[in-house]
Amino acid sequence: MTSDIKILVVDANPIRAAIIEEGLCEAGFSAIVRVSETNGLVAAIVQHDPDVVVIDLENPSRDALADMFQVSRHVRRPITMFVDQSDATQIEAAVEAGVSAYIVDGLRKERMKPILQTCISRFNAFSKLREELDEVRSQLDDRKLIDRAKGIIMRLKGLGEDEAYALMRRAAMNEKRKLADIARSIITAAEVLK
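It should be emphasised that the depicted structure is a prediction, and the values quoted were computed from it without experimental measurement.

Colleague: When you look at the pattern of salt bridges in this model, what are you seeing that I'm missing?
Modeller: Close approach of charged atoms lets side chains of opposite charge pair. Tallied over the entire structure, the rule returns 10 salt bridges. A salt bridge links Arg34 to Glu21; the shortest N-O distance between them is 2.5 Å. Here Arg34, found in strand β2 (residues 32–35), pairs with Glu21, found in helix α1 (residues 14–26); they are 13 residues apart in sequence, far enough to count as distant. For Arg34, a relative accessible area of 39% translates into the label partly exposed. Between Asp181 and Arg184 there is a salt bridge, and its shortest N-O distance comes to 2.9 Å. Residue Asp181 and its partner Arg184 are located together in helix α7 (residues 179–192), separated by 3 residues, close to a single helical turn. When its relative accessible area of 38% is taken as the criterion, Arg184 is described as partly exposed. It is possible to trace a salt-bridge network through shared partners that takes in Arg143, Asp147, Lys150 and Glu161.

What follows is the structure, given as structure tokens:
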């Protein structure tokens, strides 16, 4: 982890924010921006474009966690959240909201670097899993389209499954398009011609 990482510190309490900033500076981070409000957090993240977000809330409210949902939905970033007290429901809500590291009663400047490293690693691991899941879903959707289009060709041209697939594959190669795109075109044409 390099020290050129840009960190957005969100804390309404200037004393606690100073502890975070001091810990980050001692850990070798210098690109630190502080905001004191959680309201408009998405806009602040877009404006400052940080690599990591560190949020310190004494006691996270339902509204604060709702804000985290907005942040994770719109601007995916590793988020570390420090809280003074919590319960299982709040922890679960924070994780669902996209918080990568949820630290209860652990705000100490000497812990900032390992906490940030853990936060970033966990965020990257979840991002990779999300990308892989999206890819598998996309492949499954493409497979369903191809099978549907193949069924249309089999019915309209009286071909077997392998022949219908070969026809679609040939069309894809001739047009330099993906097989799923050809399948979409066949399905669209069949719906228009109903």
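So much for the structure itself; the text now carries on.
Colleague: Is there a simple way to think about a negative patch on the surface in this case?
Modeller: A cluster of acidic residues, Glu131, Glu132, Asp134 and Glu135, forms a negative patch at the surface. Counting through the fold element by element, Asp134 comes out in helix α5 (residues 112–157). Note on Asp134: relative accessible area 42%, which makes it partly exposed.

Colleague: Mind showing me how you'd approach the environment of Ser185 here?
Modeller: If you trace the backbone, Ser185 turns up in helix α7. With a relative accessible area of 34%, Ser185 lands in the partly exposed category. A polar contact is formed between the side chain of Ser185 and the side chain of Arg177, at a distance of 2.9 Å.

Colleague: What is the right way to read the nonpolar core from this model?
Modeller: A general feature of soluble globular proteins is that nonpolar side chains tend to end up buried together. Formed by 18 residues in total, the largest nonpolar core has its most connected members in Ile7, Leu24 and Val54. Within the residue set of this core, elements represented by two or more residues are β1 (7–10), α1, β3 (52–57), β5 (101–104) and α5. Considering every element that reaches this core, the biggest residue donor is α5, with 5 residues. Contact partners of Leu24, with chain neighbours within four places excluded, come to Ile7, Val9, Phe29, Ile32, Met112 and Leu116. Residues Val35, Ile45, Ile79 and Ala94 belong to the second largest nonpolar core, which totals 17 residues.

Colleague: Quick question: what am I supposed to make of helix α2 (residues 41–48) here?
Modeller: Residues spaced three or four apart along an α-helix point in a common direction, a consequence of the helix completing one turn every 3.6 residues. By the burial criterion, the buried members of α2 are Leu41, Ala44, Ile45 and His48. Along the long axis of α2, the arc covered by the buried residues comes to 100 degrees, so they all point the same way. For α2, the exposed residues set more than 90 degrees away from the buried face come down to Ala43, Val46 and Gln47. Just downstream of α2, Asp49 is the residue with a positive phi angle, here 50 degrees.

Colleague: I keep staring at the side chain of Lys150 and nothing clicks. Help me out?
Modeller: Considering the arrangement of structural elements, one finds Lys150 in helix α5. Each residue touching Lys150, except ones within four places of it in the same chain, is listed here: Arg143, Glu161, Ala164, Tyr165 and Met168.

Colleague: I keep staring at a nonpolar patch on the surface and nothing clicks. Help me out?
Modeller: A grouping of Ile91, Val95 and Val104 is seen on the molecular surface, where their side chains present a nonpolar patch of about 220 Å² in accessible area. Note that Ile91 resides in helix α4 (residues 88–96). Overall, Ile91 belongs to the partly exposed group, its relative accessible area being 35%.

The rules behind each value
- Residues numbered from 1 in each chain as written.
- Predicted model: local features only at pLDDT ≥ 70, side-chain atom pairs only at ≥ 80, totals over all residues.
- Heavy atoms only, no water.
- Salt bridge = Lys/Arg side-chain N within 4 Å of Asp/Glu carboxyl O.
- Helix = DSSP H or I, 4+ residues; strand = E, 2+ residues; numbered from the N terminus.
- Buried < 20%, exposed > 50% of the residue type's maximum accessible area, 1.4 Å probe, protein only.
- Patch = residues over 30% accessible without salt bridge, like charges linked within 9 Å, V, L, I, M, F, W, Y side chains within 5 Å.
- Areas by Shrake-Rupley, 256 points an atom, 1.4 Å probe, with all protein chains shown as cover.
- Lys, Arg positive; Asp, Glu negative; His and termini not counted.
- Charge placed at Lys NZ, Arg CZ, Asp CG, Glu CD.
- Polar contact = N/O pair within 3.5 Å; in protein donor to acceptor, adjacent residues only side chain to side chain.
- Core = buried A, V, L, I, M, F, W, Y, C linked by side-chain atoms within 4.5 Å.
- Contact = heavy atoms within 4.5 Å.
- Arc of directions from axis to C-beta.

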